[in-house]
Amino acid sequence: MTTFWIVTAVLAIVVSATLGMALLRGRRPEGDAGDYDLRVYRDQLREIARDAERGVIAPEEAERLRTEVSRRILAADASAGGAASDAGRQPARLGAVAAAVMAPALIGGGYGLYLQLGAPGYGDLALADRKAAAEQARETRPTQAAAEQQAGPGTPAADASPDYLDLVTKLRTAVQERPDDLQGQVLLARSEAALGNYVAAYEAQENIVRIKGDEATARDYADLADMMILAAGGYVSPEAERVLEAALTRDPQNGVARYYGGLMWAQTGRPDAAFRLWEPLLRDSAPTDPWVPPIRAQIEEMAYRAGVQNFSLPPLEDGPAQTGPALPGPSAGDMEAAQDMSPEARQEMIRGMVARLSDRLATEGGSPEEWARLIAAYAVLGNEGQAIAIWDDAKEVFAGNDEALETVREGARNAGLVQ
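Just so we're clear, the structure is a prediction, and the values are computed from it rather than from any experiment.

Thresholds applied
Residues numbered from 1 in each chain as written. Predicted model: local features only at pLDDT ≥ 70, side-chain atom pairs only at ≥ 80, totals over all residues. Heavy atoms only, no water. Helix = DSSP H or I, 4+ residues; strand = E, 2+ residues; numbered from the N terminus. Buried < 20%, exposed > 50% of the residue type's maximum accessible area, 1.4 Å probe, protein only. Contact = heavy atoms within 4.5 Å. Areas by Shrake-Rupley, 256 points an atom, 1.4 Å probe, with all protein chains shown as cover. Core = buried A, V, L, I, M, F, W, Y, C linked by side-chain atoms within 4.5 Å. pLDDT = per-residue confidence, 0-100. Salt bridge = Lys/Arg side-chain N within 4 Å of Asp/Glu carboxyl O. Expected span 1.5 Å × (residues − 1). Bend = angle between axes of the 7 residues up to and from the residue. Patch = residues over 30% accessible without salt bridge, like charges linked within 9 Å, V, L, I, M, F, W, Y side chains within 5 Å. Phe/Tyr/Trp six-rings, centres within 6.5 Å; stacked < 30°, edge-to-face > 60°. Polar contact = N/O pair within 3.5 Å; in protein donor to acceptor, adjacent residues only side chain to side chain.

Trainee: Before we move on, can you summarise the overall build of the protein with the specific residues and values?
Mentor: In terms of regular secondary structure, the protein is built from 19 helices and zero strands. Per-residue burial for the protein yields a buried fraction of 35% across its 419 residues. Long-range pairs, those at least 24 residues apart, make up 65% of the contacts in the protein with a sequence separation of at least 6. Carbon and sulfur atoms make up 54% of the accessible area of the protein, which totals about 24,000 Å².

Put into structure tokens, the structure is as follows:
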């Protein structure tokens, strides 16, 4: 690295000195316009003499032309003589000032430009070399366990009530006693994720995949990868990558898996691969899809790093919805999963989860699927009035978005609110 800076410094000084000397001398390689005219007139005299010898022009005409050209030579010579002392030279003070400004500008500007665009300490890497380095980084990146240790424990949900935490503790005990209870594992995974306990959440989700076996869906694997990546602080580990591949094998269009797949490439030095995954995903997604905001926040940088010219973010328009990550809040299956608990405890747990979802939708908004789930949850609780109120609110929130409104209407239809 020291050799590089010495060589570049010497080159910059040599170039600056050469240009500075040229400015200080200020001489032109050729004479001024008067000198040029004199050469032209002398050539004309020689041409007249040759024409007269060949008999092309008459002697009288040749003499007249020689006289006219000679007159012009005398005038040009007088003009050139008056400016001879300054010809080919610029003002000395101007040259000195220009040289004094140019030298530090050249050296300092080149240094600053390199710091901005260059990579100190790295050689010139060909594209194949950069891809090989990125592949090596991908193969040797930290494991899930190492990433979790680096990320540290997650931050528990601050708004969880003591009663709700007590119910989740009882649920953990119940699931531990019945590890093959699918509905119990589903409820536990959602509860742990809602509390920010992502390690426990993905462990429960692993049990869901294990219990389902070959019937596990792309959504199941995408949810598992989502929880693993959240547990690792947003890092896509080799283990999470394998889970994403399983999700994409079952559904190549799964939005969560496609987003995290692009994130993995971005984290391992392949912005070109990340852009190729994110650009069509962004184009095909609806604005409410959960991966749209993070893609929009990063894809322009990926395009720049990948060398994609003239890329601009598409406008936010309604588009087809993709399969999203696990939706917070209870589903009908979640409620059935609590059937082995006491009626009072089960009802309290369900009401707590429903209230949390309702508060979040009211303050932050949410996807059509979440609104549909909330309507169904209130219907199962027997609170038909609240379910109708949520349905009325959803019609206002999604007015003009027919596809989203149809999703919520399906939830209301399942709840028996509409035909």
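Trainee: Help me get a handle on the nonpolar core, residues and values and all.
Mentor: Grouped together as the largest cluster of nonpolar side chains are 48 residues, with contacts concentrated most on Tyr221, Val236, Tyr259, Tyr260, Trp278, Trp291 and Ile295. Elements represented by at least two residues in this core include exactly α7 (162-177), α8 (182-195), α9 (198-212), α10 (218-231), α11 (238-250), α12 (255-267), α13 (271-284) and α14 (292-306). With eight residues, the single largest contributor to this core is α10. Excluding residues within four positions of it along the chain, Tyr259 makes contact with Trp278, Leu281, Trp291, Pro294, Ile295 and Gln298.

Trainee: So, the confidence of the model for the protein: which residues are in play, and what are the values?
Mentor: A residue-level look at the protein finds 78% of positions with pLDDT of 70 or above and a mean pLDDT of 78. No element of the protein has a lower mean pLDDT than helix α15 (residues 332-337), which averages 48, and none a higher one than α11, which averages 95. Confidence drops under pLDDT 50 across residues 318-333; counting only partners more than four residues distant or on other chains, this segment forms 61 contacts.

Trainee: So what's going on with the pattern of salt bridges? Residues and values would help.
Mentor: A full pass over the atoms with the stated rule returns 22 salt bridges. Where Arg138 meets Glu241, a salt bridge forms, and the shortest distance between an N and an O atom there is 2.6 Å. Here Arg138, found in helix α5 (residues 127-139), pairs with Glu241, found in helix α11; they are 103 residues apart in sequence, far enough to count as distant. Among the residues examined, Arg138 registers a relative accessible area of 18% and is labelled buried. Overall, the relative accessible area of 11% leaves Glu241 in the buried class. One salt bridge in this structure joins Glu241 and Arg141, with 2.5 Å as the shortest N-O distance. Here Glu241 is found in helix α11, whereas its partner Arg141 is found in the loop between α5 and α6 (144-151), with 100 residues between them in sequence. The structure contains a network of salt bridges with shared partners spanning Glu135, Arg138, Arg141 and Glu241.

Trainee: So what's going on with unusual backbone geometry? Which residues, and what values?
Mentor: In the Ramachandran plot, Asn310 falls in the positive-phi region, its phi being about 60° despite a non-glycine side chain. If you trace the backbone, Asn310 turns up in the loop between α14 and α15. Asn310 gets classed as exposed once you look at its relative accessible area, which sits at 78%.

Trainee: How would you sum up α14? Please name residues and give values.
Mentor: Taking 1.5 Å of rise per residue, 15 residues should cover 21 Å, and α14 covers 20 Å from first to last C-alpha, within 8% of that figure. The largest bend in α14 amounts to roughly 40° and is located at Gln298. Within α14, burial applies to Val292, Ile295, Ile299, Met302 and Ala303. Those residues of α14 hidden inside the fold are in contact with α12 and α13. Gly307, located one to two residues past α14, shows a positive phi value of around 80°.

Trainee: So what's going on with a nonpolar patch on the surface? Residues and values would help.
Mentor: Where nonpolar side chains cluster on the molecular surface, the patch consists of Ile13, Val15, Leu19, Leu106 and Ile107 and spans about 390 Å² of accessible area. Those elements that provide at least two residues to the nonpolar patch are α1 (2-25) and α4 (92-117). Of the residues forming the nonpolar patch, the biggest block, three residues, is contributed by α1. Here Ile107 shows up in helix α4. Relative accessible area serves as the criterion here: at 36%, Ile107 is assigned to the partly exposed category.

Trainee: Describe the packing of aromatic side chains, with residues and values.
Mentor: In this structure the tally under the stated criterion is four aromatic pairs. Note on Phe275 and Phe311: the rings are 5.1 Å apart at their centroids and 85° apart in plane angle, and the pair reads as edge-to-face. In this pair, Phe275 sits in helix α13 while Phe311 sits in the loop between α14 and α15, placing the two residues 36 residues apart along the sequence. Classification of Phe311 as partly exposed rests on a relative accessible area of 23%.

Trainee: Any chance you could break down the environment of Thr18 for me, citing the residues and the numbers?
Mentor: You can see Thr18 is positioned in helix α1. The exposure class of Thr18 is partly exposed, given its relative accessible area of 48%. Separated by 85 residues in sequence, Thr18 and Ala103 place their C-alpha atoms 10.0 Å apart. Among the polar contacts listed, one links the side chain of Thr18 to the backbone oxygen of Val14, at a separation of 2.8 Å.

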